[in-house]
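What follows is the residue order along each chain.
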Amino acid sequence: MTGSGEDWLSDGLDIEGVECGLWVSGVDYIAGWRGAREAADRLNRALLGAGFELSQVRAVASTDESGRGVVRVAGRLDAVDRLSGLLEGIAGGDGGAA
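Here goes a summary of the coordinates provided.

**Quick word on the overall build of the protein**
Here comes step 1: Of regular secondary structure, the protein possesses 2 helices and 2 strands.
Here comes step 2: Its helices and strands taken in sequence order, the protein reads α-β-β-α from the N to the C terminus.
Here comes step 3: With 98 residues in all, the protein has 26% of them scored as buried.
Here comes step 4: Pairs at least 24 apart in sequence give 58% of the contacts found in the protein among residues at least 6 apart.

Quick look at the structure:
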C-alpha cells in the first residue's frame, strides 16, 4: 500500500511501541508479516474506498510472538468512531449478533 511518501505508515499516528517485544531465534516472522501486510493493504484500500484518510485510520501489519501475522487498526478517535458506525450499520445495528 503506498501513501504520501516514505513515512506514510506513521503520518499523524503514534503507532510505535505497540506490542513491541523481543524476537525469538528460529521463528519465521517474515512469512507472518508478509501475510499480514497483504491483508493490511486490502483493508487500507477498503478504508480509502470508504472515504477515510490513512493519516486518520489505517491497518498496520505486524506479527505476534509466535510469528503469526497480525493486523492492527490504528487511528484517531473520531475516525475510529466513524468506522465503528459504518461497521455497525453493515451489521444491522445489532453488534453483529446472529
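**A word on the nonpolar core**
Here comes step 1: Formed by Leu47, Phe52, Val57, Ala79 and Leu83, the largest nonpolar core amounts to 5 residues.
Here comes step 2: Excluding residues that lie within four positions of it along the chain, Leu83 makes contacts with Leu47, Phe52, Val57 and Val73.

**Notes on the pattern of salt bridges**
Here comes step 1: For the structure on display, the rule yields 2 salt bridges.
Here comes step 2: Between Asp41 and Arg37 there is a salt bridge whose closest N-O contact spans 3.3 Å. One end of the pair, Asp41, and the other, Arg37, are both in helix H1 (residues 29-49), 4 residues apart, so they sit about a helical turn from each other.
Here comes step 3: Relative accessible area serves as the criterion here: at 28%, Arg37 is assigned to the partly exposed category.

**As for the packing of aromatic side chains**
Here comes step 1: Evaluated as defined, the whole model comprises 0 aromatic pairs.
Here comes step 2: Above the plane of the ring of Phe52 lies Arg82, whose end atom (NZ or CZ) is 4.0 Å from the centre.

Quick notes on the rules
Residues numbered from 1 in each chain as written. Predicted model: local features only at pLDDT ≥ 70, side-chain atom pairs only at ≥ 80, totals over all residues. Heavy atoms only, no water. Helix = DSSP H or I, 4+ residues; strand = E, 2+ residues; numbered from the N terminus. Buried < 20%, exposed > 50% of the residue type's maximum accessible area, 1.4 Å probe, protein only. Contact = heavy atoms within 4.5 Å. Core = buried A, V, L, I, M, F, W, Y, C linked by side-chain atoms within 4.5 Å. Salt bridge = Lys/Arg side-chain N within 4 Å of Asp/Glu carboxyl O. Phe/Tyr/Trp six-rings, centres within 6.5 Å; stacked < 30°, edge-to-face > 60°. Lys NZ or Arg CZ within 6 Å of the ring centre and 35° of its normal.

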